[in-house]
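One letter stands for each residue in the lines below.
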Amino acid sequence: MTTSATQDRITEVRLSSVTLPLAVPVSDAKVLTGRQRPMTEVAMLFAEVNTAAGHEGVGFGYSKRAGGPGQFAHAREIAPVLLGEDPSDIAKIWDKLVWAGASVGRSGLSVQAIAAFDIALWDLKAKRAGLPLAKLLGAHRDSVRCYNTSGGFLHAPIEQVLDNAEAAVERGIGGIKLKVGHPDGATDLARVTAVREKLGEVALMVDANQQWDRPTARRMCRALDQLGLVWIEEPLDAYDADGHAALVSTFDTAIATGEMLVSAAEHAELIRAGGADIVQPDAPRIGGITPFLKVMALADHHNLQLAPHFAMEIHVHLAAAYPREPWVEHFEWLDPLFDEHLEIADGRMHLSPRPGLGVTISDQARAWTVAEHRERA
Ligand SMILES: [Mg+2]
């Protein structure tokens, strides 16, 4: 007699579209070049998965500016695929979800809708094992170096950036990233120098958000190379892998990019081209933890460093499981969405002993919910 290896079944999926307001409109170099407007909110997509045996998982993805309603609509359409599946079979479910939407492709919005489910299934698996997600994956460390981004945007005058940077270091954050990309490069250099003078030998990074052309990027990298930065981020368009590769081979400061790529396949192309010293995948943006693990394996095989983009609540676990000492990006923006918050001390973000991602959706997030959908077996 044969027995089934399957232990459980997915019985219910709940999707929530949540609009997270930002305290002040946020600008990076894309606003200065007129390509985007200041950002005022983040569209969150939550997926909650429940099983016959009583297990549950929570996952989330997001969209900045346009795309949130589209992600929700696609997720809602493919949600029935999950019902009746064994929640442990995450790779199989990811494939089924991507094939359900194959007509709209295997990257971008279609896989971003899958990401919320995929992350919920990993959360569920780790919770059922009674382990933090990093431990389920196999951690290399219990804490990860972290740096703050939210205090260094371009809408903030330098006095405010200096106050924000000082406050971040005082609360135990290990590095400060400054947005650059002013029309006058001297303004960028002056802001970086001011933070260096105020904070001394703290780890500093800069981020041009893709807004330099190749000559400007060369000129700015040459000047920035003297300042001892940890990395220069997105000096060029996200899809200019060859241009990034030339900067990688010309300058001493590490070149970081990859946050805007929307599939594991695009990261494979970037890595193949030698376009980064530090890869910056974003699990919600590339389709979840399942494709992120592929990017991690490829990046490690190519001796690259890892600094995942945004969503620190997810990425602290993934970074903890990366062989080479990574960095996690600190934003406080998502704090109101969850009841629990990451512990930060001594320049590092610490894994909590809570199982799974270690977060539960807050009442505030429920109050900000603008659309909901339930699918039941
Ligand atoms: Mg960036």
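Residues numbered from 1 in each chain as written. Predicted model: local features only at pLDDT ≥ 70, side-chain atom pairs only at ≥ 80, totals over all residues. Heavy atoms only, no water.

A closer look at the side chain of Gln-211
Note the threshold: Note on conventions: DSSP H or I runs of at least 4 residues are helices, E runs of at least 2 residues are strands, and numbering of each starts at the N terminus. In the analysis that follows, any N or O atom pair within 3.5 Å is treated as a polar contact, provided that within protein one partner can donate a hydrogen and the other can accept it, and provided that, for residues neighboring in sequence, both atoms belong to side chains. Should any heavy atoms of two residues lie within 4.5 Å, those residues are considered in contact.
For Gln-211, the location among the structural elements is in the loop between strand 6 (203-207) and helix 8 (214-224). At 2.6 Å, the side chain of Gln-211 and the side chain of Thr-33 are in polar contact. In this structure Gln-211 touches Ala-29, Lys-30, Thr-33, Arg-35, Glu-234 and Pro-235, once residues within four positions along its chain are discounted.

A few points about the pattern of salt bridges
Selection criterion: By salt bridge we mean one thing: a side-chain nitrogen of Lys or Arg within 4 Å of a carboxyl oxygen of Asp or Glu. Working definition: with a 1.4 Å probe on protein chains only, accessible area under 20% of the residue-type maximum means buried, over 50% means exposed, and in between means partly exposed.
Tallying each qualifying case throughout the model produces 21 salt bridges. The residue Asp-28 makes a salt bridge to Lys-30 at a minimum N-O spacing of 2.7 Å. Owing to a relative accessible area of 12%, Lys-30 belongs among the buried residues under this scheme. The partner of Glu-85 in a salt bridge is Lys-92, with the nearest N and O atoms 2.9 Å apart. A single salt-bridge network, built from bridges that share partners, covers Lys-177, Lys-179, Asp-207, Glu-233 and Glu-329.

Some remarks on the side chain of Asn-209
When you line up the elements, Asn-209 lands in the loop between strand 6 and helix 8. Within the local environment of Asn-209, its side chain forms a polar contact with the side chain of Asp-28, the two groups lying 3.3 Å apart. Ignoring sequence-local partners within four residues, the contact set of Asn-209 consists of Asp-28, Ala-29, Lys-30, Lys-179, Glu-233, Glu-234 and Glu-259.

Quick word on the domain arrangement of the protein
For the record, the criterion: As used throughout, domain bounds are those supplied by an automatic or database domain assignment. Simply put, the buried area is the total loss of 1.4 Å probe accessible area from both parts when two parts are fitted together.
For the protein, the domain assignment lists domain 1 (10-130 + 363-376) and domain 2 (134-350). In this structure, domain 1 and domain 2 have C-alpha centres spaced 23 Å apart. The partner domain 2 presents 38 residues to the 40 residues of domain 1 that form the contact. Together, the buried faces of domain 1 and domain 2 total about 3000 Å²; carbon and sulfur atoms form 73% of this surface. The largest per-residue losses of area from domain 1 upon contact with domain 2 belong to Phe-60, Tyr-62 and Trp-122, which jointly make up 20% of the total buried on that side.

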